[in-house]
Amino acid sequence: MTALDHPKPQVAAILLEPLQGEGGVRPGDRAYFEQVRQLCTDKGILLIFDEVQVGMGRTGSLWGYETLGVEPDIFTTAKGLAGGIPIGAMIAKNFCAVFQPGDHASTFGGNPLATAAALTVCETLEKENLLQNVRDRGQQLRTGLCELQAAYPHLIAEVRGWGLINGLELQPDTPLAAAEVVKAAIAEGLLLVPAGPKVVRFVPPLIVSAAEIDMALRAVGRAFGHLAA
Ligand SMILES: Cc1ncc(COP(=O)(O)O)c(C=O)c1O
C-alpha cells in the first residue's frame, strides 16, 4: 500500500533534511531515518526529503539521501542545481508523481537559461569526477578542523559533516558566538557562514582544490588565534 491509496490517511507527509543545514549542520541519524521510513511505508505517509542544501553532490554522493542510506518518496533540490542560476526542482517516485508537465505554473518555470545551466552542472559533476573531489576535500577539511579543535578544546566542542558541508560547533559554555568567528575569518580573507548561534558552517565550492582547503584552514587557524588571545 502506498500513501496515495491508503483508505484514510491522517498525515499526508513527513518532510526532513538528510542533514540539517540551517539547524546547525547536523547529519541525520541513519537508525532514526530508517524508523521514519518504515513508519511512512506502514502508514501510507509520503516521506519527503529537502535536498536544497545537501543535494547535487554536496555530501559526496549525488543526493544526501544516498549518503544517509535511506530513500525518500519525493525530494526537492535547488541551490547548487544550476551553480547559482536560480532554479528548483522536485523529483518524485512514479507512484506519487501526480503532476503532468505544465500543471505547476510558475513565472520563471521552464526557463531555458536556468535549465541549460543545470544540465551543464550535471555534466560537469560527472566529467570532472567532482563527487570524489568532494569526498577527498571534505576529509581534508574535517581533519584540519579536528586539529584546530585539539588546539582549542575550550572553544571548539565538535567538528561534523558530510563531504563539503561541515560544521564547527563552539563550546556551549564559552561566550564566543559563531558570528564572531565568521567575522574574524572574513578579516583573514575566508568567507564562512553561521548555522545558528554556536555553529560555523564550511560549504566551499565542489571544485575546491587541496591547496585552497589548506589556505582556508590557515585562515581559520589565524582567526582562532586572535579570538583565543
Ligand atoms: C534546506 C533548505 N530548504 C529550502 C530552502 C529554500 O529554498 P529556495 O530558496 O530555493 O526556495 C533553503 C534556503 O534557501 C534551505 O536551506
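Please read all numbers here as calculations on a predicted model, not as lab measurements.

(A) Focus on the side chain of Ser61. Relative to the elements of secondary structure, Ser61 occurs in the loop between strand E4 (46-50) and helix H2 (64-68). With relative accessibility at 18%, the residue Ser61 sits in the buried group. Within the structure, Ser61 has its side chain in polar contact with the side chain of Thr67 (distance 2.8 Å). Once residues within four sequence positions are removed from consideration, Ser61 is found in contact with Glu66, Thr67 and Leu131.

(B) Geometry of the sheet that holds strand E8 (residues 165-170). With respect to topology, four strands assemble into an open sheet ordered E7-E8-E10-E9, the strand pairing being antiparallel. Every other strand in the sheet has two partners, leaving strand E7 (156-162) and strand E9 (193-194) as the edge strands with one partner each.

(C) Broad picture of the layout of surface pockets. A volume near 740 Å³ is recorded for the largest pocket. Lining the largest pocket are 27 residues, with Gly88, Ala89, Met90, His104 and Gly110 positioned closest to its centre. Approximately 490 Å³ is the volume attributed to the second largest pocket. Considering the residues around the second largest pocket, the lining is formed by 21 residues, among which Arg58, Lys79, Gly80, Gly83 and Leu206 are closest to the centre.

(D) Layout of the domain arrangement of the chain. Looking at the assigned domains, one finds that the chain contains domain 1 (13-127) and domain 2 (130-228). Of note, the centres of domain 1 and domain 2, computed from C-alpha atoms alone, are 26 Å apart. Contacts between the two partners involve 23 residues from domain 1, matched on the other side by 21 residues from domain 2. Both faces combined, the contact of domain 1 with domain 2 buries some 1,700 Å², and carbon together with sulfur accounts for 63% of it. Taken together, the links from domain 1 to domain 2 amount to one salt bridge. Across the pair Glu22 and Arg201 runs a salt bridge, and its minimum N-O distance is 2.9 Å. At the junction of domain 1 and domain 2, the tally comes to eight residue pairs in polar contact (both at pLDDT 80 or more).

(E) The nonpolar core, seen in detail. The biggest cluster of nonpolar side chains holds 57 residues, and the ones touching the most others in it are Phe49, Leu145, Leu168 and Phe224. The element contributing the most residues to this core is helix H6 (residues 210-228), with seven residues. No fewer than three residues from each of domain 1 (13-127) and domain 2 (130-228) sit in this core. Here Phe224 is in contact with Leu148, Tyr152, Leu155, Ile156, Leu168, Leu170, Leu176 and Val181, once residues within four sequence places are set aside.

(F) Main features of the pattern of salt bridges. Going through the model one piece at a time under the given rule, you end up with eight salt bridges. The closest approach of N and O atoms between Lys93 and Asp73, which form a salt bridge, is 3.9 Å. Of the two residues, Lys93 is situated in the loop between strand E6 (89-92) and helix H3 (112-127) and Asp73 in the loop between H2 and strand E5 (74-77); the sequence distance between them amounts to 20 residues. Overall, Lys93 belongs to the partly exposed group, its relative accessible area being 29%. Exposure remark for Asp73: the relative accessible area of 6% places this residue in the buried category. In this structure, Arg160 engages Glu158 in a salt bridge whose closest nitrogen and oxygen atoms are separated by 2.6 Å. The exposure class of Arg160 is buried, given its relative accessible area of 10%.

(G) Looking closely at the packing of helix H5 (residues 178-187) against H6. H6 packs onto H5 with a crossing angle of 120° between their chain directions and a minimal axis gap of 8 Å. Compared by their axis directions, H5 and H6 come out oblique. Of the two elements, H5 crosses H6, and the hand of that crossing is right-handed. Mapping the contact onto sequence places Glu180, Val181, Ala184 and Ala185 in H5 and Ala223, Phe224 and Leu227 in H6. By residue class, the composition of the contact of H5 with H6 is six nonpolar, no polar and one charged.

Rules and cut-offs
Residues numbered from 1 in each chain as written. Predicted model: local features only at pLDDT ≥ 70, side-chain atom pairs only at ≥ 80, totals over all residues. Heavy atoms only, no water. Helix = DSSP H or I, 4+ residues; strand = E, 2+ residues; numbered from the N terminus. Buried < 20%, exposed > 50% of the residue type's maximum accessible area, 1.4 Å probe, protein only. Polar contact = N/O pair within 3.5 Å; in protein donor to acceptor, adjacent residues only side chain to side chain. Contact = heavy atoms within 4.5 Å. Pairing = 2+ DSSP bridges. 1 Å grid on protein atoms, 1.4 Å probe; cavity = no way out; pocket = protein on both sides within 12 Å on 5 of 7 lines; lining within 4 Å. Points joined across faces, edges and corners; volume = space filled by probe spheres on them. Domains from an automatic or database assignment. Buried area = accessible area lost by both parts, 1.4 Å probe. Salt bridge = Lys/Arg side-chain N within 4 Å of Asp/Glu carboxyl O. Core = buried A, V, L, I, M, F, W, Y, C linked by side-chain atoms within 4.5 Å. Axes fitted to C-alpha atoms, helices over the stretch in contact; angles between N-to-C directions. Parallel < 35°, antiparallel > 145°, perpendicular 65-115°, else oblique. Left-handed = near helix turned anticlockwise from the far one by under 90°. Nonpolar A, V, L, I, M, F, W, Y, C, P; charged D, E, K, R; others polar.

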